[in-house]
Amino acid sequence: MSHTLGIRQVQKQKTRQALLDAALALLEDQSLSSLGLREVTRAVGVAPTAFYRHFRSIADLGVVLVEEALGSLHPMIRRTVSSADDSGERIARAIELIADHVDAYPAHVRFIARERHGGVQPVREAIREQLSRFGQEVRDELAQDPESAGWDDDDLLMLANLYVDQMLITASLFLEAQESSEEERERVTQVAQRQMRLISIGRRHWLD
């Protein structure tokens, strides 16, 4: 009996992931607010009623996609920011980490970029909550740096959010450059490095 239940659980998980993957693929060319439940289930090959065994609604599926897209990024974000001082080599490494992530997960990056200000409120709120967590984690990382001596908590959080916003902007630019020439990708890299360096220089002189 337990073996049968185990097989069913595995199959249920496979179907759930298939629905997520199908939705993400369909969202390449449309927003979540226009995505239909039947469209997703048809792509997977299951009955529409089967959708409700896994998600309450398309919005609920979208919230899970947010977790899938952003939930695993916390270590990378902290690692990127811990490298984001005014050292050209470290900034270059931070930009490289972002570019590598975009190359590996373009559909997730596109989904977050589109839905951050999209029409599905629970998804917007889920993205905002994840980004807020990023900001708090980056603030804690920055607070350990001797260069942050004398900074108050609000200013550290402001700086952290600047870094997080810059990473999102950079990721979106790399996404747009995927279909362009290598020269355009290099241009994005150079601009991103200069912008990150500008933030770092401002940080160094904030208490002057």
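Let us look at the structure shown here. Residue numbers here run from 1 along each chain, matching the order of that chain's written sequence. Reporting in this predicted model follows two pLDDT cut-offs: at least 70 for local features of residues, and 80 or more for side-chain atom pairs to be given and counted; totals over whole chains, interfaces and linings ignore these cut-offs and use all residues. Derived side-chain values reflect all non-hydrogen atoms in the structure, with water molecules and hydrogen atoms excluded from consideration.

Considering the overall build of the chain
- Assigned secondary structure in the chain consists of ten helices and zero strands.
- Numbering of helices and strands runs from the N terminus, with a helix taken as a DSSP run of H or I at least four residues long and a strand as a DSSP run of E at least two residues long. What you see in the chain, going N to C, is helices and strands ordered as α-α-α-α-α-α-α-α-α-α.
- Summarising its shape, the C-alpha atoms of the chain cover approximately 65 × 40 × 35 Å along the three principal directions.
- Looking at the chain as a whole, 41% of its 208 residues are labelled buried.
- Contact between two residues is taken to exist if any of their heavy atoms lie within 4.5 Å; hydrogens are not considered. Sequence-distant contacts in the chain: of pairs separated by 6 or more residues, those separated by 24 or more amount to 67%.
- A total of about 11,500 Å² of accessible surface is found on the chain, and carbon and sulfur atoms cover 50% of it. Only protein chains enter the calculation, and the probe is 1.4 Å; a residue is then buried if its accessible area is under 20% of its type maximum, exposed if over 50%, and partly exposed in between. Areas reported here follow the Shrake-Rupley algorithm with a probe of radius 1.4 Å; residue values treat only the protein chains shown as occluding.

Section: the pattern of salt bridges
- For this document, the term salt bridge refers to a Lys or Arg side-chain nitrogen within 4 Å of an Asp or Glu carboxyl oxygen. All chains considered together, the criterion is met by eleven salt bridges.
- With a closest N to O distance of 3.3 Å, arginine 139 and aspartate 140 form a salt bridge.
- Here arginine 139 falls in the buried class, since its relative accessible area comes to 16%.
- Take aspartate 140: its relative accessible area is 39%, and that puts it in the partly exposed class.
- Among the salt bridges present, the one from glutamate 147 reaches arginine 203, with a minimum N-O distance of 4.0 Å.

Comments concerning the packing of helix H7 (residues 106-115) against helix H9 (residues 153-177)
- Only the stretch in contact is used when fitting a helix axis, every axis being a line fitted to C-alpha atoms; angles between N-to-C directions are given from 0 to 180 degrees. The contact between H7 and H9 brings their axes to 10 Å, and the two run at 120 degrees. With respect to H9, the axis of H7 lies oblique. By crossing handedness, the relation of H7 to H9 is classed as left-handed. The residues of H9 that touch H7, namely those facing Pro106, Val109, Arg110 and Ala113, are Ala171, Ser172 and Leu175.
- We call Asp, Glu, Lys and Arg charged. Ala, Val, Leu, Ile, Met, Phe, Trp, Tyr, Cys and Pro are nonpolar, and the rest, Gly among them, are polar. The residue inventory of the contact of H7 with H9, partitioned by class, reads five nonpolar, one polar and one charged. Angles below 35 degrees are treated as roughly parallel, those above 145 as roughly antiparallel, those between 65 and 115 as roughly perpendicular, and all remaining angles as oblique. Note: crossing handedness is left-handed where the near helix turns anticlockwise from the far helix by less than a right angle, and right-handed where it turns clockwise.

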